[in-house]
Amino acid sequence: MGGWSHIAPAVTAAFLASLVEFVEALTVVLAVGSVRGWRGALTGAGAGLVVLLVLVAIFGPVLALIPLNLVQLIVGTLLLLFGMRWLRKAILRAAGVLALHDEDAAFAKQTEALRAHGAQGGGFDSIGFAAAFQITMLEGVEVVFIVVAVGAGGAGLMLPAALAAVAALLVVVAIGAVVRGPLSRVPENQLKFVVGVLLTAFGSFWIGEGIGVQWPGDDWSIPALVAGFLVVALAGVPLCARIARPKAASA
Amino acid sequence: MKWLKTILEETIGLFVDDAAYAAAIVIWLAAMAALVRFTAFGSAVAGPLLFAGLAVILVLGAVRKARK
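Summary of the structure given here. It should be emphasised that the depicted structure is a prediction, and the values quoted were computed from it without experimental measurement.

## What about the interface of chain A and chain B?
- Contacts between the two partners involve 37 residues from chain A, matched on the other side by 37 residues from chain B.
- Summed over both sides, the interface of chain A with chain B buries roughly 3300 Å², with 79% coming from carbon and sulfur.
- Three residues stand out in chain A for area buried against chain B, namely Leu81, Met84 and Arg88 of chain A, and they jointly supply 22% of the buried area on that side.
- Of the charged contacts, one joins arginine 85 of chain A and aspartate 17 of chain B as a salt bridge, the two residues approaching to 3.4 Å between their closest N and O atoms.

Encoded structure:
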């Protein structure tokens, strides 16, 4: 446990997943800031981040008190459900069955929705605060789950996973401060595909550990599972595209 | 408290957005756990079987959605 075969995929999964979620949150916070003013947007996002840090501070140590096999079984199952949900969506997006996530469109939609609330008064902007707080919590809960889940599966993984998420946050905030617009050029859908593969592989491995599977090659099964799920997911893309095309043509 | 309800719904939705798909995953995991628990050879073969079953569920789940 704790070797590079564990740490590298855990850090990569935590960083990329956090990057995608923070990019989505940034879009809404920018919309709030540009329409309602920056005070409500930044205090709302800041309050959301504080709540998320408290959640990590609570759940991280609590999970450390539970026997590792049980944690691997529970967290592995949740991680697998989460990862396979992401991966199926990523396959369907890549196949053209589902629409790709578009940050520019999301920004325009949020801006319009916030304008519909009318002009901001002179005092504290509760609408701006609530919108920024809610999106930070919604996207951040996913980050917290991923960090806690990939961090709890093995000794010495929590800190690298948490640092990877913090690094992703800093990268998104820094780029957002420079660009001052939605980060629509970030290849979110491809990142989600990769993250889905990594989380599915991790979840499978930890469930296996939890139920007493003897993995061939021990920890080196993780990269093998990553490669296996990647091949299967990539093969699923043209298959779904072929199925969806005649349906679209006949519609 | 609408935001709290939204956050709770979103949290559950992180794991289950399609009951049949989630059930298929959990049933396969239970089958693999039973294989390891109740057979002598289970722990050696359950790893590749776990992967194969999940791969099939993933592809069939995506195909089912694509057909809808």
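## Section: the packing of helix H3 (residues 68–94) of chain A against helix H7 (residues 188–211) of chain A
Residues and elements named next belong to chain A.
- Remark: H3 packs on H7, axes separated minimally by 6 Å, with the N-to-C direction vectors making an angle of 150°. In terms of orientation, H3 and H7 fall into the roughly antiparallel class. Of the two elements, H3 crosses H7, and the hand of that crossing is left-handed.
- Taken together, the residues of the contact of H3 with H7 break down into 18 nonpolar, eleven polar and three charged.

## Details of the packing of aromatic side chains
- The full count for this structure, using the stated rule, is eight aromatic pairs over all chains.
- On the basis of an interplanar angle of 55° and a centroid distance of 6.2 Å, the ring pair of phenylalanine 82 of chain A and phenylalanine 15 of chain B is categorised as tilted. Of this pair, phenylalanine 82 of chain A sits in helix H3 while phenylalanine 15 of chain B is found in the loop between helix H1 (2–13) and helix H2 (19–38), placing the two residues in two different chains.
- Centroid distance phenylalanine 145 of chain A to phenylalanine 15 of chain B: 4.8 Å. Interplanar angle 80°. Geometry classified as edge-to-face. Taken together, the residues span two chains, with phenylalanine 145 of chain A in helix H5 (residues 126–152) and phenylalanine 15 of chain B in the loop between H1 and H2. With respect to class, phenylalanine 145 of chain A is no different from phenylalanine 15 of chain B; both count as buried.
- An aromatic cluster of at least three residues, connected via ring pairs, comprises Phe82, Trp86 and Phe145 of chain A together with Phe15 of chain B.
- The side chain of arginine 88 of chain A reaches across the aromatic face of tyrosine 21 of chain B, ending 4.0 Å from its centre.
- Looking at lysine 192 of chain A, its charged tip hangs above the ring of tryptophan 86 of chain A, at a distance of 5.8 Å from the centre.

## Some words on empty space enclosed by the protein
- Taken as a whole, this structure holds one cavity of 30 Å³ or more when the rule is applied.
- Here the largest cavity defines a volume of roughly 30 Å³.
- In terms of lining residues, the largest cavity is bounded by Met137, Leu138, Val141 and Glu142 of chain A together with Ile7, Glu10, Thr11 and Leu14 of chain B.
- Of all the secondary structure elements, the ones that give two or more residues to the lining of the largest cavity are H5 of chain A together with H1 of chain B.
- Residue contributions to the lining of the largest cavity peak at four residues, all from H5 of chain A.
- Across the lining of the largest cavity, the residue classes tally to five nonpolar, one polar and two charged.

## Focus on H3 of chain A
- Across its 27 residues, H3 of chain A extends 36 Å between first and last C-alpha, which sits within 8% of the 39 Å expected from 1.5 Å per residue.
- Backbone geometry just after H3 of chain A places glycine 96 of chain A at a positive phi near 85°.

Thresholds applied
Residues numbered from 1 in each chain as written. Chains lettered and ligands numbered in written order. Predicted model: local features only at pLDDT ≥ 70, side-chain atom pairs only at ≥ 80, totals over all residues. Heavy atoms only, no water. Contact = heavy atoms within 4.5 Å. Buried area = accessible area lost by both parts, 1.4 Å probe. Salt bridge = Lys/Arg side-chain N within 4 Å of Asp/Glu carboxyl O. Axes fitted to C-alpha atoms, helices over the stretch in contact; angles between N-to-C directions. Helix = DSSP H or I, 4+ residues; strand = E, 2+ residues; numbered from the N terminus. Parallel < 35°, antiparallel > 145°, perpendicular 65-115°, else oblique. Left-handed = near helix turned anticlockwise from the far one by under 90°. Nonpolar A, V, L, I, M, F, W, Y, C, P; charged D, E, K, R; others polar. Phe/Tyr/Trp six-rings, centres within 6.5 Å; stacked < 30°, edge-to-face > 60°. Buried < 20%, exposed > 50% of the residue type's maximum accessible area, 1.4 Å probe, protein only. Lys NZ or Arg CZ within 6 Å of the ring centre and 35° of its normal. 1 Å grid on protein atoms, 1.4 Å probe; cavity = no way out; pocket = protein on both sides within 12 Å on 5 of 7 lines; lining within 4 Å. Points joined across faces, edges and corners; volume = space filled by probe spheres on them. Expected span 1.5 Å × (residues − 1).

Note that all results are geometric; they support no functional claim without further evidence.
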